[in-house]
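Understanding the architecture of this molecule
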Amino acid sequence: MAGLLVVALAVTTYFLAVPKTVVAKVGSATINNSQIYEYIAMEKCYGATYSRPEALASIVNNALQTQVLSDFFNLRPTIQDLSSAARQIDQNTKDPTVLSCIKSALGGESNAAYLSIFVEPTIVNPALYGNFSLSPKINSLQMKTINTIFAKVEAGANLQSFSGYQKFDVPIKPPLPTNISAAGFQLNNDNLVNEVLKKMKPGEIWPKIVENDSSFEIIRLVRTGANNYHVDGIVINKPPFDPWFQGYVKANIPIKILDRGLLSDLKKNYSSLWWLR
């Protein structure tokens, strides 16, 4: 631990002298030279060595998620959200040595750099994915499709007659705990078992459409086996995240790399970056 802290304190002392020259703009956000070196210092705590262009690319990616969450979903973490998340990180960290190094590298747990560079992405990323997966606007076509099919099924149509028909098994007891979904209240496998399948009889169709992170489903319990519920039904997949996100950014979030040296390095060594224009 002492070694990491020495590294963190040394780089922090150096970076205090780095001018906060703006090197990039992402929507309404600015990225300065000091933030790049702070990001590099943070990654050193993990044993990683980042170049300035690599650090800038990572910061831009995080800034894009924050901008889209704010612009499209009208959500942005407050200082209270960030402070609460920081406390949860403290309570749940499995590597306090690295966390202590990161705090030192970014000026302490209450410093703006620690909250924005390290803590904020832990809130923004799951919030963005969760709101995307539940958005009626984004999923409007899929919602219309599943509602139309469900009405026909209720009127007596055969499940097998629809293109979204599938057969699948759901473990009665999942071998590993299922992670809580990004939004925190969607039906994961545990909830699907406890809130739906346990309450059904063989041959019964669940009287509501089931929604999860990636799809809308009409569920029928075929039979209960020794280890699995044998299920069939209609699955309508939701749109994938990446094409939507990239399309929204390209249409709505301007990205400008103002530092010519960084821009040249990005184009030379990281030309596959989808947002690089």
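Throughout what follows, the structure given in this document is the object of discussion. Along each chain, the written sequence defines residue order, and numbers are assigned to residues from 1. Under the rules for a predicted model, residues below a pLDDT of 70 receive no local features and side-chain atom pairs below 80 are neither given nor counted, while totals for whole chains, interfaces and linings still include all residues. To obtain the side-chain values, all non-hydrogen atoms of the structure were included, while hydrogens and water were left out.

1. Describing the pattern of salt bridges
Applicable threshold: A carboxyl oxygen of Asp or Glu within 4 Å of a side-chain nitrogen of Lys or Arg is what we treat as a salt bridge. Numbering of helices and strands starts at the N terminus; helices are DSSP runs of H or I of at least 4 residues and strands are runs of E of at least 2. Any residue under 20% of the maximum accessible area for its type is buried, any over 50% is exposed, and the rest in between are partly exposed; the area is computed with a 1.4 Å probe on protein chains only.
Taken as a whole, this structure holds 5 salt bridges when the rule is applied. In this structure, D90 and K103 form a salt bridge, with 2.7 Å as the shortest nitrogen-oxygen distance. One end of the pair, D90, is in helix α4 (residues 79-92); the other, K103, is in helix α5 (residues 96-105), and 13 residues separate them in sequence. Take K103: its relative accessible area is 16%, and that puts it in the buried class.

2. Side note on the sheet that holds strand β1 (residues 22-26)
Strand pairing in a sheet relies on backbone hydrogen bonds, with the paired strands running either antiparallel or parallel. Definition in use: Two strands form a pair only when DSSP identifies at least two bridges running between them. Axis lines are fitted through C-alpha atoms, for helices just across the contact stretch, and the angle between N-to-C directions can take any value from 0 to 180 degrees. Contact definition: two residues touch when any of their heavy atoms are within 4.5 Å.
Strands sit in the order β2-β1-β7 across an open sheet of 3 strands; the sheet is antiparallel. Either end of the sheet is taken by a strand with one partner, and the two such strands are β2 (29-32) and β7 (255-257). The average angle at which neighbouring strand axes cross in this sheet is 20°, direction not considered. Bridge count for β1 against β7 is 3 bridges, and the pairing is antiparallel. Note on β7: the bridge partner recorded for A24 is I257. The sheet strands contacting helix α2 (residues 33-44) are β1 and β2, and the helix crosses β2 at an angle near 65°. Against the sheet, helix α3 (residues 52-73) makes contact with β1, β2 and β7, and its axis sits at roughly 35° relative to β1, the strand it touches most.

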